[in-house]
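Inside the fold
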Amino acid sequence: MKSKLFLIAFILISSFCYSQDLVVSGRVNETATGLPIPGVNVTVKNSTVGTITDMDGNFSFSVPSGSILVFSYIGFDSVEMQATSESMTVNLTENAQTLDEVVVIGYGTQRRREVTGAVSVVSSETIANLRPVRIEQALQGTVSGVNVTTQSGAPGAGLDIRIRGIATNRDASPLVLVDGYISSLSDLNFNDVESITVLKDAQAAIYGTAGANGVVLVTTKRGKKNQKLSLSYNTYLGLQETSRKLPLLNATEYALLLNESYANGGQPLPFPNPSALGVGTDWQEEVFDQGVPIVSHDISFQGGSEKTTYNVSASHLDQGGIIGGDKSHFDRNTIRLGMTADLLENLRFNSNVIYTDLNRQSFNENGLGSVLFNAISAPAIYSPYGEDGAFTVLPTGNSSIPGSNLGNEVINPLAQLANTWNDFDLRRVSGTVGLDWDVYKDLTVTTRMGFNSQDRRGRTFNPQVSYGGKVFDNVRSSVDQNAINENDYTFDAYLTYKKSLAEAHNFTATLGTTVFKTFGEGLFATGFDVPNNAWEFADISLTTGFVNAKTAGSYKYDERRLSYFARLQYDYKGRYLVSGMIRRDVSTKFGPENRVAYFPSVTGGWIISDEPFFGESKKLLSFAKLRASYGVLGNDAIRSNLYISSLNGEATYVLDGQLANGVAIGTLANPNVAWEEARKFDVGTDLRLFNDKVDIVADYFIDTREGLLIENLPVSGIVGAGGPGGQFPTVNAGTVKNSGWEFAIGYKDKIGEDFNFGINYNVTFIKNEVTEIQGAEFLQGGAFGVGQPAPTRMEVGHEMGYFYGYQTAGIFQTQAEVDAHPSQTALGAEAQPGDIRFADVNGDGVLNANDRTQIGDPIPDATMGFNLNLEWKGLDFVAYAFASLGNDMVRNYERTLTDINRHSYILDRWTGAGTSNEVPRVTTGATANNIFSNYFVEDASFLRIQNVQLGYTINPDFTKRVGFNKVRVYAGVNNLYTFTKYKGFDPGSTNFGSADNPTTLNQGIDFGFYPVPRTYMFGLNVNF
Amino acid sequence: MKKMKRSIITAMVAISMMMGTVSCGDDFIEREPYYLIGSENYFNSEQDYNNALIGAYDLLHATYQQVILGEIAGDNTLAGGESANDVIGWQQIDMMTHTSVNSNLKNIWDWMFSGVNRAAYILEFKDKTDFEGKSQIIAEARFLKAYYNFELLKWFGGIPLKGDTRFALGDEKTIPRSSREEVFAAIEADLIAAIPDLNVVAPQVGRASKGAAQALLGKVYLYHGADDSSKFALAAEVLEEVINSGSYSLVSDYNSIFEHEGENNSESVFEVQYTDAQGASFDCLQCVEGNVAVGFSGPRNYVGPQFTSGFSFNVPTDEAANIFEAGDLRKDVTILNMDTWAGTYGPGYNDTGNFNRKYIPRTRSSTAMGDLNLTNPNNYRAIRYSDVLLMAAEAFARTGDAAKGSLYLNTVRERAFGNASQNINGLSGTDLVNAILEERRRELFGEGHRFFDLVRTGQAASKITGFTPNKNEVFPIPLEEIQFSGNFWAQNPGY
C-alpha cells in the first residue's frame, strides 16, 4: 500500500516536472554597486519551490515554465520576474524603507515595523545621490523634523542641525554617535556612511543626559560575509560659482543718489557730472571667482570570508572657495578600516578606525568689516587698483573729495584678501573596538570602546598694513598660533536578553552602563614683528618683538559622565508593542549635590493592520501602526565648572607704567546648576498603502524644555559680575515649548518593465514659544547696525530670538502727514516727508522706545523637503529640493554711512509725494530711518533646488567583459537655484554664534553671509 | 541541565564584570578641575593680596564713561558721534531725555559695583594672612571702595551698601538702598580709616597715596556740603592738609599736563593709569586698558599733525569754547578748533568744529596695540592739584574765609595767565563762590566734573537744556535693577 502511494506520487510529480519544467539560471546583483548578492531567496510565486544564490550571486534550479520568480533579500525591494530559459540578470535595489529593515535605536536595533518612537533614516543611497561635502547636508530636506542650515558657503564651513526646533538658547545641536560612540558628523567621508538614523522623540531617552536635542546615529559601512573582494572608485569634478550676487548701484547711479542725498541734507552736490562716471567697478565681480574647482576621489574595497569581513576606504576632497582664491580653501583626506570577525562561535569582534586630516584657509566673513561687507559697501567709482598696480586705498572722508566719506571700516576688499593669512589643520583618529558575546542563546553581552583623539593647529598672520587710517590698520605685524589637543572616549557595556514565551510574548531586556570622558588642553601664543612682514616667516620662532602684556594662554579640561541604563521591550505577537527605559546619569558639569539625574521614558505601538478584523482593508492599507511616546531627556551642554566661583576674571592695571596682572572673580558660580530637562511627547502613525507603494509617516509632538540653562543670565549688577572678565551665573531659568507636526509621504512604483520612479515629500510645522524666564523679563542678544540696542529677544510668549524693534507704517508723503503724527524726535530726528513713519504701537500719543514690538522672528513656520528619482534602463535622474517658509531675516549687511554704495532697491526710494510707501528718501541729514525697524526685516522664505543629477550606467553586460561590475557617469548641479524674495546673499544661512559661544539669539541676522556655491558636477562611479 | 547551569554561571560572571565597571563609577566621577583657583581659598600670601588689589584697581579703567558723560550731560559739550543714533544712551543723556532703560547707565552701575565688590573681597579676607605692609593694601582697598561708591552716589543717589563684604545673589531683594546721608557717611568712614595707613608717596605710580585719599575725602565733603553745610568746614580742613603737605605743586605749563610727558607730574594727586600695551575690542569695553573716552572724543577722519582720528563724540559747544577770558593760556589747550587748526576732519553729528583737546588721541606710538580707537594711553587726571586748590578755595569761601578762598583761587589763575594780573580780589561770600565755580569750569573743562558741579551747586536747571529739577540731579536706577530687586528698590523721583 505504502509503495503504491509512493509510486502515484512519483508519477504525479515527475509528470508535472516532465511536462512543464524549465531550468532557470542567472545572477542577482545589487543595483547601486553592480555587485552580486549572495543568499538571495529565489522562489516561485505561490509555491514553496525555491533556492538561494551562491557566493557569486548565481542561482540555478528547475521551475515550472511560466512561473513568476520572486527575488527577495532583507533590506532590498523584492523583484518579480517571468522565468525564462535565458540566463537572467536581476538587479535588487536596496530599500531603506522596508519594514524588515533593521533600525539602530541606541544600544540595540529593531526591525522598522517594531519601532515605537519617531525615528527617521537616511540611507546610503540618498547620501550617495547628494554626495555631501559635509555629511550634515544629507539631512537637509530629506528627513522631516530636521532642519539643517549653513553657517556659510565657505569651503569647510559648518552646518547646524536642529531637530524639532530650537529649545535652548545655547547649543541646540543634537548628540551624534558614530557606530555607538560619541563623535561628530563633520569630517566624515560620505561614502563611508551606511545610514544615518535620527531619533526625534523619547526614544532617545536611552541617551539621557545628552539626548535632549535629539540623537543622530551614524552607521558606517561594513563588508559582508561570504563576499568576494570588490572595489569601488568614485570621483567627481565640480565647478563652483556664487549662487547669488546682490544688485548694487553702478557708478552713475551712485553719483546721482549721492547728489540727491546731499541735496536733501542741504549740502552741495558732490558730483557735478554723474554720467561721466559710467558703470565703474563691479566689486562683487572683483571678489567672486567662477569655475572654482572642487575635486573628490574615494576608493574603497570590501569583502568577507565565512568569519570575517573588511571594508577599507580612502578619500580625498579638495575644494576652492568662490571668493579669495587660495585664501579660502579646504582639503580633507580620510582613511578608514572596518573589520568584523567571529572569534569564536559565540564571540564576535568588530572594529572601525577612521583617520582624518584636514586643512582650511578662511577669511573674515559675516560681519562688519568682512570681505563681502566691503565688496558691497565700496562705491563703484573706485577702481580696485591704482595706476601703479597697488591696491586703491578707500578714503575715510574728506569734505573736498566726493564720495570719500567711507568711514573707518570700509576697506578695499581685494587688499583685505591679500592681507589675510591663516591656516587651520586638524588631524583626528577616531574609531571603535567592540565585542559581542553570546553568553547563551538568549543573552548577549556587548562591550565596546569608541574614541576620538584630535590635534588642531591654527596660525594667523596679521601683517603690518595700512588701509589709510582704518580700524583694520595694523602697525605691528604679529602671528597668532595655537595647538589644541582634544580627546574623548565612550565605553559601553551592556547585556541584551531576548526571550519569547508561548510564541506570543516577546521580551527584550537591555541593561548596561556607559562611561564618557572628554579631556584635552590648548595652548596659544602670539609673536610680534614677523620678519619681512611675510607669511613665509610667520612663526613665533622667528619673531623678535614682544609686548608688555601677556600674550600666551592655555587651558585644560576633563569632563566625565557615568551612566546606567535599563530598557525593557515587550510585544505581544508583534502587534502590541511597549517599551520602558530609564537612565541614571552622573555628570561632572554639575556640583556634587546636583550630579545625579534620572531619565525615564515609555513608548508604545499598535500594529492595527495585524488585527484579524483588518482583513479586507489590507489591499488598500497594507500596514498601519499607531505609536506614542513620552519621556524625559537631559542636556548638559554648558561650559565646565560653572558651579565653582573661580578667579578667572580679568584684573589688569597699570602700575609704574607697566601692565600689572592680578586676580579677580570671573564667572559667578551657581552651585545649584543642574540639567535641562526635555519632556518629549509624540504620537504618530506609520502607514503603507497600495501594496507598500505609498509610505506615510505622520507625527504630532510637544517638546517642552524645562530648566533651560541660561548661561550668563543677567542678575543684579550689585554682585559685581559686570566687571572685566566677569560673567553672570548659569541658571536653570527658562522654559521653551516646541510643538508641531511632521508628515512624510513617499510613493514609488514602476511603469512597464524599465521605468521606476519614486517621489518623496516631507513637511514639518513647528511652533516655538518661550513660556518662562525666571529672574528676567527678557534676554536680549544679536546686533544691528552700530551702537544700536540689541535687536533680538528671548521673552515669554514669543519665539526664541524674535526681532524686537519699531513697527513702520509706510512713508510720510506730506508735511501734513508728519504733523498729524506724534513726533519722532525721540527716535533720532524730527521726521520730514519721505521718512519712515513709525507706528505708535502702544497708542500713548508719544513715540519712544516703548513703541518697540515684535517685528518678526527667524524661526520657520514650516520646512519641507522634496525629492524625485527616476530610472529608465541605464538612465537615472534625481532631484532634491527643500524649502523653508516663514523665517524672517534682518538685513544687517548695509552700513549707514552717507557715501557708501547701496543695494539697488534704493532706486525705488521716495522722491516726492506718492513715489514710494516703502523705501524712504535718502539724505545726509539726521534721520531716524536707520533705527531697527521692520524696514530691515525681510521674509527669508525660500525654496532651493539643492541637487539635480542625471546619470547613465553603461550596460553591465558590456562593462563586465572588461572587468567592471558597474560604470556610471553623471552630471549634476548643486544649489541650482533658490527661489526667494530675500534681498541678501543667502536666505538659507543662519548664525548660531561661535562654537565657543553658541547662541540662538543671533540666528536671523545677516551680516553678509558668504553665499553657498552653485556647483556644476561631473562624476564617475566604477565598481570592480 | 548541566549546560543550562553553566550558562547561568557565565551570565553571572558577565553581569559581575559589568558591575565591576559600575563599582568604580563613584571614583570615576570624582575629579578635580584643572588649574582653577577657587575664590574662597585665596589670600594665603602677600602676593595674593597684591593680585586682588590689582583686580580692584582695574575698574578705574571703566570710569572713562563717567568722565565723558560728566561733560556731555552738562553744558560743556554735545554728544556728537556719527549720527543722532550713535550711542543712543549718550545722546539721550545729552538731551536729558534719558530713561531707566539706558545701557550706558547700566554699565556705570554694573562696573562700579564690580569695583566695590572687588575692594570688598579684599576687606572680607583682611584678617586671613598677616605680612608686613598689609595695612597699606587694606587702606588702598578702602580708598577704592570709597572711590567707586562715590561714583555710584554721584550718579544714582542712595545705593545699597554691604560694608566690608561682597554682595551675594539675593541681596538685591533684602538690602535696601541706603539714604544719601548713609552713603556719604560710609564713604567718609572708609577714607578716614584709610588715610592713616596710606603712604605719603604711593608704593607704585598709580596707587593711592595719603594725599589722594585726603583730596577725595575733601571732595566728598564738598559734595556732602550740599546736603549738610557743616561738611564744608571738614572739606576745608582736609583739603588744606593736602595743600600744606607740600607733596604737590602746580606745573608752570598748563599745556604740558595733558601730554604724555605730563602724566603723573607734581600736580597729579590721583591719576587713572592707561596704556596702549594691550589690545582691545568693542566686545568688552570694561576690559580695555586704554582710555576709551579719548578715542571716542577724537575728530572723525582726522588727517593732520599731533593728533589722530576718533569718533567725534563729546564736542564742546561754541558757548563753552568762549568762556575763556583774553589772555587765558588754557583756552588753546582746552579747545581744539578745526577751523583754525592745520588738519582736516569729517564733520560728525552735532559738529561745532570744536574738540575736547585735553582728551583727544595724540599721534600713536608704533608699538600701540589695536584696536587703536580704544587703546589710547592718555591717563585720566582724576584729581589734579589745581582741583584741590579750587575745592579748598570753595570750601573756605563757603565757610567765610574769603582770604584763603581768594588765595587758592588766585594760585590757579596765576598759572592760567602766566602772571598775577588777572587775580580776582575783594570778593567774598556768594560772589566769591561763584567766581570759584566759574574758574572751576575753565580750569577743569573737559575733565568730567562739570555736570556734577552744576548739580551740587544748584545751577543745573539754569544751565542745562532740558534739565528737570528734582529729577535730573541723579540718574535713574537701571530698570533691570529695579526688576531684579522685585521693586524692592524704589526708582529715583521723576523717572
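Our focus in this paragraph is the overall build of chain B. From N to C terminus, chain B includes 19 helices and six strands. If you line up chain B on its principal axes, its C-alpha atoms span 120 × 50 × 45 Å. Within chain B, the fraction of its 495 residues that count as buried is 55%. Look at the contacts in chain B between residues 6 or more apart in sequence, and 69% of them connect residues 24 or more apart.

With that settled, consider the overall build of chain A. Secondary structure summary: chain A contains eight helices and 49 strands in total. In terms of C-alpha radius of gyration, chain A reaches 32 Å, essentially the compact-globule figure of 31 Å for 1024 residues. Judged by the C-alpha coordinates and their principal axes, chain A covers about 125 × 65 × 65 Å. Once local pairs closer than 6 in sequence are excluded, the contacts in chain A between residues at least 24 apart make up 70%.

Residue and element names in this part refer to chain B. Taken domain by domain, chain B consists of domain 1 (43–197 + 465–495) and domain 2 (282–378). Each of domain 1 and domain 2 has a C-alpha centre, and these two points are 27 Å apart. With 20 residues of domain 1 in contact, the opposing surface of domain 2 contributes 21 residues. Listing elements by their share of the side of domain 1 that touches domain 2, those giving two or more residues are α4 (64–72) and β1 (77–80). Ranked by the residues each element gives to the side of domain 1 that touches domain 2, the list is headed by α4, at five residues.

Attention now moves to the pairing of strand β2 (residues 268–272) of chain B. Residue and element names in this part refer to chain B. Across the five residues that make up β2, a large majority, five, are buried. The pairing of β2 with strand β6 (residues 380–384) spans three bridges and is classified as antiparallel. Looking at the pairing, F270 lines up with I383 of β6.

Residues and elements named next belong to chain B. As for its placement among the helices and strands, K162 is situated in the loop between α7 (134–156) and α8 (180–194). Counting along the chain gives 24 residues from K162 to A186, while the straight-line C-alpha distance between them is 9.9 Å. Aside from chain neighbours lying at most four places away, what touches K162 is A120, F167, D171 and I175.

Attention now goes to the interface of chain B and chain A. Taken together, the contact between chain B and chain A spans 84 residues of the former and 77 residues of the latter. For the side of chain B that touches chain A, the secondary structure elements donating two or more residues are α1 (2–23), α2 (25–29), α3 (46–58), α6 (103–124) and α19 (479–484) of chain B.

What follows covers unusual backbone geometry. Residues B:G370 and B:D371 are joined by a peptide bond in cis, for which omega reads -10°. Within the secondary structure, B:D371 sits in the loop between β5 (354–356) and β6. Despite not being glycine, A:F690 has its phi angle at roughly 45°, a positive value. With respect to the element layout, A:F690 can be found in the loop between β32 (676–689) and β33 (694–710). Under the C-beta neighbour-count criterion, A:F690 is labelled exposed, with 12 such atoms within 10 Å.

Right, let's talk about the sheet that holds strand β44 (residues 888–891) of chain A for a bit. Residues and elements named next belong to chain A. Sheet architecture is open: three strands sit in the order β45-β44-β48, paired in mixed fashion. For this open sheet the edge positions go to β45 (937–939) and β48 (1005–1006), each flanked by a neighbour on one side alone. Summarising the sheet, β44 and β45 pair through three bridges and their orientation is antiparallel. Bridge pairing in β45 places M889 opposite E938.

Further remarks concern helix α16 (residues 429–443) of chain B. All names here are of chain B. The first and last C-alpha atoms of α16 sit 21 Å apart over 15 residues, in line with the 21 Å expected at 1.5 Å per residue. L432, I436, E439, R440 and E443 are the residues of α16 that are buried. The buried residues of α16 occupy an angular sector of 110° when projected down its axis, which confines them to one face. For α16, the elements touching its buried residues are α14 (385–398), α15 (402–417) and α17 (450–456).

Our next topic: the pairing of strand β16 (residues 215–220) of chain A. Here β16(A) lies mainly inside the structure; six of its six residues are buried. Burial of β16(A) is two-sided: the residues A:V215, A:L217 and A:T219 facing one way and the residues A:V216, A:V218 and A:T220 facing the other way are all buried.

One broad rule of soluble globular proteins: the nonpolar side chains tend to lie buried together. Counting residues in each nonpolar core, the largest one holds 311 residues, and the members touching the most others are B:L216, B:L239, B:V388 and B:A392. Beyond its immediate sequence surroundings of up to four residues, B:A392 is in contact with B:A236, B:L239, B:E240, B:I243 and B:Y408. Core analysis: the second largest hydrophobic core is formed by 14 residues, A:V63, A:Y73, A:F76 and A:V90 among them.

Rules used throughout
Residues numbered from 1 in each chain as written. Chains lettered and ligands numbered in written order. Predicted model: local features only at pLDDT ≥ 70, side-chain atom pairs only at ≥ 80, totals over all residues. Helix = DSSP H or I, 4+ residues; strand = E, 2+ residues; numbered from the N terminus. Buried ≥ 20, exposed ≤ 12 C-beta atoms within 10 Å, placed from the backbone. Contact = placed C-beta atoms within 7 Å. Rg over C-alpha atoms; globule rule 2.2 N^0.38 Å. Domains from an automatic or database assignment. Pairing = 2+ DSSP bridges. Expected span 1.5 Å × (residues − 1). Arc of directions from axis to C-beta. Core = buried A, V, L, I, M, F, W, Y, C linked by C-beta atoms within 7 Å.

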